Amino acid sequence: DGVANDKANNSTLFSTSLYGQIAYELRSYCDHIIVTTEGGYTTSFLADGMNSVLHGLVGSISTDHYPTDITEDQVLDTTVRTVASTTSDLRRVYDFARD
């Protein structure tokens, strides 16, 4: 329920590509990754998200669609809080090193 424009009227606005990027990044930290789905009221978004995740897991993602420059005013407050919370949880559970 986190994909932007999904019919679930969700409060998060993640692109399907973000899920692939997360899967790609997690490969460096986790020996085993389990992928599940939740929601997915717009099946084309679900399919695109799973496609991105699978490409991320095998290291076959394209970064060409990411902007090269992002300014602070372009980042949503909710995204900052979500990233901080997720980072904190991952560090606590998996004892990840701090940057």
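Above this text sits the structure in question.
Everything numeric in this text was worked out from a predicted model, so none of it was measured.

Cut-off values and rules
Residues numbered from 1 in each chain as written. Predicted model: local features only at pLDDT ≥ 70, side-chain atom pairs only at ≥ 80, totals over all residues. Heavy atoms only, no water. Helix = DSSP H or I, 4+ residues; strand = E, 2+ residues; numbered from the N terminus. Buried < 20%, exposed > 50% of the residue type's maximum accessible area, 1.4 Å probe, protein only. Contact = heavy atoms within 4.5 Å. Areas by Shrake-Rupley, 256 points an atom, 1.4 Å probe, with all protein chains shown as cover. Expected span 1.5 Å × (residues − 1). Arc of directions from axis to C-beta.

Asker: Go over the overall build of the protein chain with me, naming the residues and quoting the values.
Answerer: Of regular secondary structure, the protein chain possesses three helices and zero strands. Along the chain direction, N to C, the helices and strands of the protein chain fall in the order α-α-α. A total of 99 residues make up the protein chain; the buried ones form 17% of that total. Within the protein chain, contacts between residues separated by at least 24 positions form 59% of all contacts whose residues are at least 6 apart in sequence. When the accessible surface of the protein chain is split by element, carbon and sulfur atoms take 51% of a total near 7700 Å².

Asker: Describe helix H3 (residues 77-94), listing the residues and the values that go with them.
Answerer: In this model H3 runs 26 Å from its N-terminal to its C-terminal C-alpha over 18 residues, within 8% of the 26 Å that 1.5 Å per residue would give. The first or second residue beyond H3 is Asp95, which carries a positive phi of 55 degrees.

Asker: Account for helix H1 (residues 16-26), with residues named and values stated.
Answerer: Along H1, the positions that sit buried rather than exposed are Thr16, Ser17, Gly20, Gln21 and Ala23. Burial along H1 is one-sided: seen end-on, the buried residues are contained in an arc of 160 degrees. The inward-facing, buried residues of H1 contact helix H2 (43-57).

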